Amino acid sequence: ASQAEEKDLVIIGGGVAGYVAAIKAGQEGMKVACIEKRGALGGTCLNVGCIPSKSLLNNSHIYHQILHDTKPRGIEVGDVKLNLAQLMKAKDTSVTGLTKGIEFLFKKNGVEYIKGTGTFADEHTVNVELNDGGETSVVGKNIIIATGSEATPFPGLEIDEKRVITSTGALSLQKVPESMVVIGGGIIGLEMGSVWSRLGAKVTVVEFLDQIGGPGMDTEISKMSQKILKKQGINFKLGTKVVSGDTSGDKIKLQLDAAKGGKEETIDADVVLVAIGRRPYTAGLGLDKIGVDVDERGRVVIDSEYRTNKPHIRCIGDVTFGPMLAHKAEEEAVAAIEYLKKGYGHVNYAAIPSVMYTHPEVAWVGQSEQDLKKDNIKYRVGTFPFSANSRAKTNLDTEGMVKMLADPETDRLLGVHIVGPNAGEMIAEATLALEYGASSEDIARTCHAHPTLAEAFKEAAMATYAKAIHY
Ligand code: FAD
Ligand code: NAI
């Protein structure tokens with residue numbers, strides 16, 4: 001091994017958490033190295049998560065729309081054919097462009113990029129098994145763990161990424177399966193289920209709970225979204241648990257059990273997508289060797305300044321507490337470097353938006369109606385349907401609504417929940433309003449351009465304390 005070199009900061013993991021921390025540290029003038037084993041920067045998000053899934057979602061939506069939604073628009077099309085290889089190539093091009101872009105930003109900000117697998121040798125030294133062979137080690141005054149997460153496996157169903165797949169396999173299937181069963185109706189299940197359903201697979205989503213969308217989605221919005229997805233051809237079995245699977249035959253057989261209201265039965269599938277959540281990834285890191293604490297779910301335990309029980313070792317992103325979202329990881333990365341450099345930093349966990357990129361999108365921020373009920377918090381509701389929004393009407397894309405929750409006494413915004421076209425963009429406005437402690441009246445009295453979808457947002461705000469004009 002070559003001689004260990006001391007850095008101000010060593011970061012293990014070059015995903016969104018790690019690479020953003022590295023760039024920020026470089027900007028702050030720190031001597032920083034980032035270790036990444038994948039051979040490309042950007043982590044799960046850029047390589048096998050956010051970015052490739054959004055590419056497939058966008059292009060499968062266009063394909064599906066051309067097949068089913070052109071006539072009423074006055075567009076007659078001839079033969080429409082799917083070129084799956086090209087669809088995948090377009091995805092790969094977006095991914096490569098973005099991951100290479102981060103390498104450029106590393107250079108620009110003086111970050112040393114070490115391609116290999118990092119393991120703690122002691123509290124300050126990380127040994128790296130280099131991807132190209134050989135070993136090196138780096139010593140850090142400070143270290144950040146940003147090793148991310150991995151798909152939670154389903155006991156008894158071995159993942160081969162061909163027939164039994166995680167999201168990673170779902171991003172690169174080489175042909176459209178006739179039938180696909182998705183275990184878990186959370187965000188991954190619904191996004192990837194949408195992609196393959198649009199491309200022609202018969203998709204069935206089996207969800208243990210009695211609502212889709214995973215944790216946090218407002219129940220009313222979840223029901224509305226499910227109804228729309230069902231119309232698009234996705235079949236749902238809610239309140240139903242997959243208990244076991246058999247992959248020995250031509251078709252995979254899954255045994256289902258009633259959880260709440262569902263029924264016992266066996267179903268067949270050509271491909272099974274396991275999407276039952278993700279878990280923190282710390283394999284091979286050597287945390288036990290240096291005595292860094294993890295909790296019962298494997299999450300690295302941190303304090304409010306992202307410090308582990310070894311204060312010079314911090315931890316951010318999916319591998320620690322909080323929602324497993326790229327933008328949450330990014331906020332934590334900036335805050336962690338600010339804590340290191342300046343002694344203060346901040347992430348407002350009450351204002352982190354969530355977006356499900358189906359069509360229409362579902363997006364929310366703040367508390368849901370069921371959260372408020374559970375905590376006995378009084379609230380007022382204002383809603384506005386896209387069917388009454390002029391832009392949605394001109395776009396012939398009117399499904400969904402904006403729902404706003406506000407404090408009945410102060411009118412302060414408590415939560416915003418949207419199912420509808422471009423909900424993922426619109427939620428930025430809601431997040432800003434929440435961050436600034438806006439009231440629903442503040443939003444309603446802000447002039448919004450006409451005709452835009454955002455007017456539905458303004459009118460839902462109006463409906464929270466008075467009446468909407470157009471509904
Ligand atoms: P990761 O991105 O997992 O990065 C960790 C990196 O550390 C990995 O590249 C890994 O190779 C590396 N690593 C691990 N151990 C070592 C080691 N010992 N040595 C060296 N390197 C190591 N979030 C959103 O906000 N929006 C979305 O649209 C979205 N879509 C998603 C779609 C899918 C299919 C999936 C799976 C996830 C999606 N997510 C999305 C979640 C998002 O990808 C994660 O929240 C985000 O990637 C977390 O960033 P991270 O840096 O904490 O971890
Ligand atoms: P999830 O936690 O969102 O959903 C998993 C679902 O599986 C839950 O609803 C759960 O009840 C269900 N389930 C668990 N065991 C089951 C069983 N045996 N039978 C039937 N259902 C079962 O997890 P998911 O969808 O795997 O996604 C993981 C994380 O990745 C998300 O929580 C999110 O943080 C991130 N992600 C974010 C995206 C975005 O922001 N657009 C896109 C994709 C992933």
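Remember, predicted model here, so these are calculated numbers, not experimental data. (Residues numbered from 1 in each chain as written. Chains lettered and ligands numbered in written order. Predicted model: local features only at pLDDT ≥ 70, side-chain atom pairs only at ≥ 80, totals over all residues. Heavy atoms only, no water.)

The five strands lie next to each other as β17-β18-β21-β20-β19, forming an open sheet whose pairing is antiparallel. Whereas interior strands pair on both sides, the edge strands pair on one side only; in this sheet they are β17 (354-356) and β19 (380-385). Each strand axis lies, on average, 10° off the axis of its neighbour in the sheet, ignoring direction. Pairing geometry for strand β18 (residues 361-366) and strand β21 (residues 413-420), over six bridges, is antiparallel. Its bridge partner lying in β21, Trp364 is registered against His417. Sheet contacts for helix α6 (residues 187-198): β17 and β18; angle to β17, the most-contacted strand, approximately 30°. (Pairing = 2+ DSSP bridges. Helix = DSSP H or I, 4+ residues; strand = E, 2+ residues; numbered from the N terminus. Axes fitted to C-alpha atoms, helices over the stretch in contact; angles between N-to-C directions. Contact = heavy atoms within 4.5 Å.)

Turning next to helix α4 (residues 84-108). The terminal C-alpha atoms of α4 lie 36 Å apart, and with 25 residues this matches the ideal 36 Å at 1.5 Å per residue to within 8%. Considered for burial, the residues of α4 that qualify are Leu84, Leu87, Met88, Lys91, Val95, Thr99, Ile102, Glu103 and Phe106. Those residues of α4 that are buried lie in contact with α1 (16-27), β2 (32-36), α2 (43-48), α3 (50-68), β3 (112-120) and α6. Count one or two residues on from α4 and you reach Gly110, which has phi positive near 70°. (Expected span 1.5 Å × (residues − 1). Buried < 20%, exposed > 50% of the residue type's maximum accessible area, 1.4 Å probe, protein only.)

This part covers the UniProt feature "binding site: NAD(+)" (unreviewed entry) in the chain. As annotated by UniProt and renumbered to match this structure, "binding site: NAD(+)" (unreviewed entry) occupies Gly184, Gly185, Gly186, Ile187, Ile188, Gly189, Leu190, Glu191, Glu207 and Gly277. Spanning 94 residues, the named residues form one tight spatial group whose C-alpha atoms are at most 14.2 Å apart. Residue position: Gly185 is located in the loop between β8 (179-183) and α6. A residue is classified by how much of its surface remains accessible, and Gly185, at 0% relative accessible area, is buried. Contact partners of Gly185, with chain neighbours within four places excluded, come to Leu190, Val205, Val206, Glu207, Ile212, Gly213 and Gly214. Its location among the elements puts Glu207 in the loop between β9 (202-206) and α7 (219-231). With a relative accessible area of 9%, Glu207 lands in the buried category. Beyond its immediate sequence surroundings of up to four residues, Glu207 is in contact with Gly184, Gly185, Gly186, Lys237, Leu238, Gly239 and Thr240. (UniProt positions renumbered as here; feature names shortened; annotations may be inferred.)

Moving on, we get to the pattern of salt bridges. Across all of its chains, the model carries 24 salt bridges by this definition. The closest approach of N and O atoms between Glu305 and Arg307, which form a salt bridge, is 3.3 Å. Relative accessible area serves as the criterion here: at 23%, Glu305 is assigned to the partly exposed category. Taking the shortest distance from any N to any O, the salt bridge between Asp411 and Arg380 comes out at 3.4 Å. Here Asp411, found in the loop between β20 (401-406) and β21, pairs with Arg380, found in strand β19; they are 31 residues apart in sequence, far enough to count as distant. In this structure Asp411 comes out as buried when scored by relative accessible area, which is 8%. (Salt bridge = Lys/Arg side-chain N within 4 Å of Asp/Glu carboxyl O.)

Here Ile337 shows up in helix α9 (residues 326-342). According to the relative accessible area criterion, Ile337 is buried, its value standing at 0%. As for Ile337 and Ala22, which are separated by 315 residues in sequence, their C-alpha atoms are 8.7 Å apart. Apart from residues no more than four positions distant in its own chain, Ile337 is found in contact with Leu9, Ala21, Lys24, Ala25, Glu28, Met30, Ile144 and Lys342.

On to the site of ligand 2, then. Neighbouring residues of ligand 2: 25 residues in total, closest Glu191, Glu207, Gly277, Met324 and Val355. Between ligand 2 and the protein, one listed contact pairs a nitrogen atom with a side-chain N or O atom of Glu191 at 2.9 Å. At a separation of 3.5 Å, an oxygen atom of ligand 2 approaches a polar backbone atom of Ala275. Considering ligand 2 on its own, with 850 Å² of exposed area, one finds that the protein chains cover 81% of that surface. Among the elements of the structure, α6 and β11 (240-246) are those that each provide at least two residues to the shell around ligand 2. (Near = heavy atom within 4 Å. Polar contact = N/O pair within 3.5 Å; in protein donor to acceptor, adjacent residues only side chain to side chain. Areas by Shrake-Rupley, 256 points an atom, 1.4 Å probe, with all protein chains shown as cover.)

Around ligand 1 there are 37 residues in total, and Glu36, Thr44, Lys54, Asp318 and Ala326 lie nearest to it. Between ligand 1 and the protein, one listed contact pairs an oxygen atom with a backbone N or O atom of Val16 at 3.1 Å. One of the side-chain nitrogen or oxygen atoms of Thr44 is found 2.6 Å away from an oxygen atom of ligand 1. Protein coverage of the free-state accessible area of ligand 1, which is 990 Å², stands at 95%. For the shell around ligand 1, the leading source of residues is α2, giving four residues. Within the shell around ligand 1, the residues separate by chemical class into 15 nonpolar, 16 polar and six charged. (Nonpolar A, V, L, I, M, F, W, Y, C, P; charged D, E, K, R; others polar.)

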